[in-house]
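# Summary of structural features
Okay, here's what each chain looks like letter by letter:
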Amino acid sequence: QVQLVESGGGLVQPGGSLRLSCAASGPMFSIYAMGWYRQAPGKQRELVVLITSDDTTHYADSVKGRFTISRDNAKNTVYLQMNSLKPEDTAVYYCVAGAWGEDEFDYWGQGTQVTVSS
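Now for a description of the structure that goes with this document. Here the structure is a predicted model, which means the values were calculated and not measured.

Basis of the calculations
- Residues numbered from 1 in each chain as written.
- Predicted model: local features only at pLDDT ≥ 70, side-chain atom pairs only at ≥ 80, totals over all residues.
- Heavy atoms only, no water.
- Pairing = 2+ DSSP bridges.
- Helix = DSSP H or I, 4+ residues; strand = E, 2+ residues; numbered from the N terminus.
- Axes fitted to C-alpha atoms, helices over the stretch in contact; angles between N-to-C directions.
- Disulfide = S-S within 2.5 Å.
- Buried < 20%, exposed > 50% of the residue type's maximum accessible area, 1.4 Å probe, protein only.

Let's shift gears to the sheet that holds strand 7 (residues 67-72). Taken in spatial order, the four strands line up as 1-3-8-7 in an open sheet, and their pairing is antiparallel. Each edge of the open sheet is held by one strand with a lone partner, namely strand 1 (3-7) and strand 7. The sheet shows a mean angle of 20 degrees between the axes of neighbouring strands, direction not considered. Judged from the five bridges that link them, strand 1 and strand 3 (residues 18-25) form a sheet pairing that is antiparallel. Pairing of Leu4 across the sheet is with Ala24, part of strand 3.

Written out as C-alpha cells, the structure reads:
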C-alpha cells in the first residue's frame with residue numbers, strides 16, 4: 001500500500017509563491033506516475049500536473065509557465081513549486097500516484113489547503 005502525505009500549503013498573497021511537498025512510502029516500484037490534483041468548493045477536481053517514471057511532464061493549461069513539478073527519488077518525495085499565484089489557484093491540493101497498467105490514479109494524499117488572497 002502506497003501512502004502519500006502532502007505538506008506546504010498555506011495563505012499567500014496574489015503573485016506570491018509556495019512549494020508543496022508529497023512524501024511517499026510503500027512499494028514505489030509499482031508507481032508509473034505521480035502528480036497533483038486540486039479541488040475548490042463546488043468545482044470538479046482538476047489535474048494540475050503529472051510526472052511519469054521517465055520524467056515526462058504534463059501541465060494543465062491554467063498553470064503552464066507558473067507551476068513546476070519535480071521529484072527526489074532518493075527521498076521518495078515529489079514537489080510542486082507554485083509561482084505567480086492567482087486567487088483562482090485557491091483549492092485543496094492532493095498528491096496522487098498511479099500504478100503501472102492503471103488508467104486512473106490509485107493513491108491519494110489527504111490534501112493540503114492553498115489559499116491565495118489579499
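Glancing now at the pairing of strand 3. Of the pairings in the sheet, the one linking strand 3 to strand 8 (residues 77-82) comprises six bridges and is antiparallel in character. Bridge pairing in strand 8 links Leu18 to Met82.

A few words on the state of the cysteines. For the structure on display, the rule yields one disulfide. The partner cysteine of Cys22 in its disulfide is Cys95, sulfur to sulfur 2.0 Å. Negative torsions about the S-S bond denote left-handed disulfides, and the value of about -80 degrees found for Cys22 with Cys95 makes this one left-handed. Highlighted residues: Cys22 in strand 3 and Cys95 in strand 9 (residues 91-99), separated in sequence by 73 residues. Neither residue differs from the other here; Cys22 and Cys95 are each classed as buried.

A positive phi is found at Asn76, a non-glycine position, where the angle reads about 50 degrees. In this fold, Asn76 is placed in the loop between strand 7 and strand 8. Of note in this structure, Ser84 is not a glycine but carries a positive phi near 50 degrees. Within the element layout of this structure, Ser84 appears in the loop between strand 8 and strand 9. Residue classification places Ser84 among the partly exposed residues on the basis of a relative accessible area of 39%.

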